[in-house]
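Reading the structure
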Number of protein chains: 2
Amino acid sequence: MASLQGAALIGQSGGPTSAINAAALGAIEACLDSPDITRVYGMQYGIRGVLDDKLYVLDEEDRDELKLLKYTPSSFLGTCRYKLKNPADDDTDYQRILEIFKKYDIRYFFLIGGNDSMDTCNKVSKFMLDNGYECRVMGIPKTIDNDLYGTDHCPGYGSAAKYIATTCKEVSLDARVYDIGMITIIEAMGRHAGWLVAAAALAGDYAPDLIYLPELEFDMETFLDDVDALYKKNGNVIVAVSEGIHDKDGKFISEYGASGDQTKDSFGHTQLGGLAAILAARAKERTGAKVRGIELSLLQRCASRLASQTDLDESYASGQAAVEHAVSGVTDKMIGFDVTREGGYTCELVLLPLDTVANTEKKVPREWINEAGNKVLPAFVDYALPLIQGETKQEMQDGLPRFAKLKRIIANA
Amino acid sequence: MASLQGAALIGQSGGPTSAINAAALGAIEACLDSPDITRVYGMQYGIRGVLDDKLYVLDEEDRDELKLLKYTPSSFLGTCRYKLKNPADDDTDYQRILEIFKKYDIRYFFLIGGNDSMDTCNKVSKFMLDNGYECRVMGIPKTIDNDLYGTDHCPGYGSAAKYIATTCKEVSLDARVYDIGMITIIEAMGRHAGWLVAAAALAGDYAPDLIYLPELEFDMETFLDDVDALYKKNGNVIVAVSEGIHDKDGKFISEYGASGDQTKDSFGHTQLGGLAAILAARAKERTGAKVRGIELSLLQRCASRLASQTDLDESYASGQAAVEHAVSGVTDKMIGFDVTREGGYTCELVLLPLDTVANTEKKVPREWINEAGNKVLPAFVDYALPLIQGETKQEMQDGLPRFAKLKRIIANA
């Protein structure tokens, strides 16, 4: 494969995580170290930055400051929920992207994100090919939801799982201190896949009594029966639920108590929230117990002190590998993880075709959930435990994490 | 002072924290090491354990396992919200306490807690004295609220403050990633004193734009004006509020949207919650912005990975000092902290009379809050920054904190 000289453009997309900046850093450092890559740009607010001609000049950042990105949560480039149209219907956005690519001589395009981002990569790549513009496109996986198809797991998930397991362990101790019983409902993210809420099971002896995943139908009466029985038996009950649990008709349980202003995001996903409070109220009604609803909220994706070092290292490696592969001639692929667990955990980076990854969601296998659908089985724990290993090597300053402070120079400013 | 031989009884009271077990460990180890102390008991569920004759035999616990208590959040002995009556009105409970003290030859009584606990210590001590039963009573301070009178700060506060500052810093990064503006409301605990919410200011450049303490009256219209102006100017607004903010008539803002089932605990305190959601809804109504309410909930008092090592060390030392002073003849005192900040932070342990500490609340000084009442000034940061220093030396196992697992043998079982 002939070498390709030109600039690289890196973007972050979808929800922020504790690990997405580690992936960006891996990609940026590999770009800076590559003799084929002439300039390194970053998209301000994801694909919107391309459409708006707002690109950060990353090669003018201080390299020591950049290094702190590995331990800085959130998406430092910014992100957006803008969805590109199907180019067969309307190629305006794609024409604009091509124009910007030509303006900056972008020959390498790296997008870090989840399913929607891989779809964007796929469409941009096909459009460039169809228009005879040579550009190597690589997807770098990132989603706390862990629902990307074809890879053992996704960067970002291990850190969120570590946060959820640790928090469940701590809440378990906190919730049992009083001489009166209590029912605690912990709400985790995860719209369609239960990987996040399942991580509650990693708390072992301290794990919630009941765990509900969105892979199965949620029946309110069965739930209240389960909670009531445990409350009568133990006095204390802790429940973990995914925001995405829904009834047999597919209606989100979070909509049961919605005030009517339920909105959808631009991908058509219903905006969720308030579920813990709804279930706590129902449990109180049924049992008369003291109840507490805890929404883990965005803390589960940005709690940098609880990031998994394994996750951060793998995330960094996936960004780095994407660039190295692209420079060596690979295009149209996403970095994936191929894992061996028997005889010790090993994680090998592999290349997956973009079009099979895009828009396919990977669910928690049914056989990893118990028959009654309210617990996670040891097979899940064997799967997830290696992903939460290792404490963050984050730098601290004055008792708080030290995050990257970047210049954020806009190319056309 | 003649030496006093007998058993020691240790209790934890009020809400759990990341540091209250460190104080208990300091007291337990000092008891175990004292030749005057014959047995070491712990109260199951605070003073209720005494009334119910449910005492843990702490000297039969494994000492290595006990050591893990320093890094185990929550109150391992359990706690209760039971309030002793005034003995002048009804001394039934006190007669029962005396009976139990005699049964176990309790000559040393240590209660770890906040204002209410110091009041309990004070009443028990006076009753024993009036009834000619020799017993040395010491209070060990603990409250994330930091509102105990006479001491520079309270064990438990530094860890909660570190959690709040870190979380505000992380949320600040997370909330600014989108290309559309957002208003984020973060709700901290602190019913009558604003020490906890003020800790948001420790996040420095990442601190919330507006911080509201319960020391001042909260005016909804002024708040909405402030938020609206900042939203128009910056696109993004982050606000931190104490659960205890109230209007000029003293009505809690959290009651503005209450569903009517507002309840009070047995100390007559109104149970709070849901404030972040109420303010987010009002801000949305006013600005039309995307809003998010985050209730830090009990995570702020049990997040052991974010405990301040300074706080844990001081907490341990206060428990230890209480026992050493009692053995040397001191009674009726609470351990307090006398701090020097100029020329480097030093913290000296001092003895404070119980009766001046009990039931007096220490507020954030008016001069540490700005004129408009929506920001905290640098004097507060100078005060609080030393308290959040140092990362936890917590032991980890399989990627999660390793907590103490105790036998919890009940004396009369």
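On a predicted model such as this, the values are computed, not experimentally measured, just so you know. (Residues numbered from 1 in each chain as written. Chains lettered and ligands numbered in written order. Predicted model: local features only at pLDDT ≥ 70, side-chain atom pairs only at ≥ 80, totals over all residues. Heavy atoms only, no water.)

With that out of the way, let us pick up the relation of the copies chain A and chain B. The transformation that overlays chain A on chain B combines an axial shift of 0.0 Å with a rotation of 180°, and the residual RMSD is 0.0 Å. Considering both components of the superposition, the chain copies are consistent with a two-fold axis. Across chain A, the rotation axis passes nearest the C-alpha of Arg305(A), at a separation of 3.6 Å. A high fraction, 100%, of the interface residues of chain A reappear at the interface in chain B, so the copies pair face to face through one surface. (Least-squares fit on C-alpha atoms with pLDDT ≥ 70 in both. Contact = heavy atoms within 4.5 Å.)

This brings us to the nonpolar core. Across soluble globular proteins, you tend to see nonpolar side chains buried next to one another. Counting residues in hydrophobic clusters, the biggest one holds 100 residues, and the most contacted among them are Tyr157(A), Phe380(A), Tyr157(B) and Phe380(B). The residues contacting Tyr157(B), other than those within four sequence positions of it, are Thr143(B), Ile144(B), Asn146(B), Trp195(B), Leu196(B), Ala199(B), Asp311(B), Phe380(B), Tyr383(B), Ala384(B) and Leu387(B). (Core = buried A, V, L, I, M, F, W, Y, C linked by side-chain atoms within 4.5 Å. Buried < 20%, exposed > 50% of the residue type's maximum accessible area, 1.4 Å probe, protein only.)

So, about the interface of chain A and chain B. Between chain A and chain B, the residue contacts involve 58 residues of the former and 58 residues of the latter. When the two sides are added together, the surface that chain A and chain B hide from each other amounts to roughly 4800 Å², 58% of it contributed by carbon and sulfur. Remark: the boundary between chain A and chain B carries four salt bridges. As a salt-bridge pair, Asp205(A) and Lys405(B) come within 2.3 Å of each other at their nearest N and O atoms. The interface formed by chain A and chain B holds 20 residue pairs in polar contact (both at pLDDT 80 or more) in total. Taken together, the elements giving at least two residues each to the side of chain A that touches chain B come down to helix H6 (157-175), strand S9 (290-295), helix H10 (299-302) and strand S13 (400-401) of chain A. (Buried area = accessible area lost by both parts, 1.4 Å probe. Salt bridge = Lys/Arg side-chain N within 4 Å of Asp/Glu carboxyl O. Polar contact = N/O pair within 3.5 Å; in protein donor to acceptor, adjacent residues only side chain to side chain. Helix = DSSP H or I, 4+ residues; strand = E, 2+ residues; numbered from the N terminus.)

The next thing to look at is helix H4 (residues 92-104) of chain B. The α-helix winds at 3.6 residues per turn, so residues separated by three or four positions along the chain end up facing the same way. Residues and elements named next belong to chain B. With 13 residues, H4 extends 19 Å between its outermost C-alpha atoms, agreeing within 8% with the 18 Å of an ideal straight helix rising 1.5 Å per residue. All buried positions along H4 are accounted for by Asp93, Tyr94, Ile97, Leu98, Ile100, Phe101 and Tyr104. Here the buried residues of H4 occupy an arc of 165° about the axis, which is enough to place them on one side. Exposed and facing more than 90 degrees away from the buried side of H4 are Lys102 and Lys103. Buried positions along H4 lie against strand S1 (6-12), strand S2 (37-43), helix H2 (47-51), strand S3 (55-57), strand S4 (106-113) and helix H5 (115-130). (Expected span 1.5 Å × (residues − 1). Arc of directions from axis to C-beta.)

All right, on to the sheet that holds strand S1 (residues 6-12) of chain A then. Residue and element names in this part refer to chain A. Across the sheet, which stays open at both edges, the seven strands sit in the order S3-S2-S1-S4-S5-S10-S11 with mixed pairing between neighbours. Among the strands making up the open sheet, the edge pair consists of strand S3 (55-57) and strand S11 (346-353). Within the sheet, the average angular offset between the axes of one strand and its neighbour, ignoring direction, is 30°. Sheet analysis places strand S10 (residues 333-340) next to S11, joined by eight bridges and oriented antiparallel. Bridging from a neighbouring strand, Ile335 pairs with Leu351 of S11. Across the face of the sheet, helix H1 (residues 20-32) comes into contact with S1, strand S2 (37-43), strand S4 (106-113) and strand S5 (136-141) while running at roughly 175° to S1. (Pairing = 2+ DSSP bridges. Axes fitted to C-alpha atoms, helices over the stretch in contact; angles between N-to-C directions.)

Residue and element names in this part refer to chain B. Spatial strand order, S3-S2-S1-S4-S5-S10-S11: seven strands in an open sheet with mixed pairing. The sheet terminates laterally at S3 and strand S11 (346-353), the two strands that pair on one side only. Across the sheet, the mean angle separating the axes of adjacent strands is 30° when strand polarity is ignored. Along the sheet face, helix H1 (residues 20-32) touches S1, S2, S4 and strand S5 (136-141) and points at about 175° away from the line of S1.

All names here are of chain A. By the element assignment, Ser315 lies in helix H11 (residues 309-327). The class for Ser315 is buried, based on a relative accessible area of 1%. From its side chain, Ser315 meets the backbone oxygen of Ala19 in a polar contact 2.8 Å long.

Right, let's talk about the confidence of the model for chain A for a bit. Residues and elements named next belong to chain A. Across chain A, pLDDT averages 93, with 95% of residues at or above 70. Confidence drops under a pLDDT of 50 for residues 258-273, and excluding neighbours within four residues, the segment shows 31 contacts in the predicted structure. Reported confidences for the modelled complex are a pTM of 0.95 and an ipTM of 0.95. (pLDDT = per-residue confidence, 0-100.)

All names here are of chain B. The buried fraction of S5 amounts to six of the six residues, a majority that puts the element mostly inside the structure. The two faces of S5 match: Arg136, Met138 and Ile140 on one face and Val137, Gly139 and Pro141 on the other face are all buried. Of the strand pairs in this sheet, S4 and S5 are connected by six bridges, and their pairing is parallel. Within S5, the position partnered with Phe110 by the bridge is Met138. Traced from S4 through H5 to S5, the parallel crossover comes out right-handed. In the sheet, S5 pairs with strand S10 (residues 333-340) via two bridges, with the strands oriented parallel. Note that in S10 the partner of Gly139 across the bridge is Met334. (Right-handed = clockwise from strand over helix to strand, strands pointing away.)

Further remarks concern the environment of Thr167(A). Mapped onto the elements, Thr167(A) comes out in helix H6. Once you skip the residues sitting within four places of it in the chain, Thr167(A) turns out to touch Leu296(A) and Leu299(B).

Residues and elements named next belong to chain A. Interhelical geometry of helix H8 (residues 220-234) versus helix H9 (residues 275-287) gives an angle of 60° and a closest axis separation of 10 Å. The pairing of H8 with H9 is recorded here as oblique in orientation. Remark: the crossing between H8 and H9 carries right-handed chirality. Listed contacts from H9 to Met220, Glu221, Phe223, Leu224, Asp225, Val227, Asp228 and Tyr231 of H8 are Leu279, Arg282, Ala283, Arg286 and Thr287. (Parallel < 35°, antiparallel > 145°, perpendicular 65-115°, else oblique. Left-handed = near helix turned anticlockwise from the far one by under 90°.)

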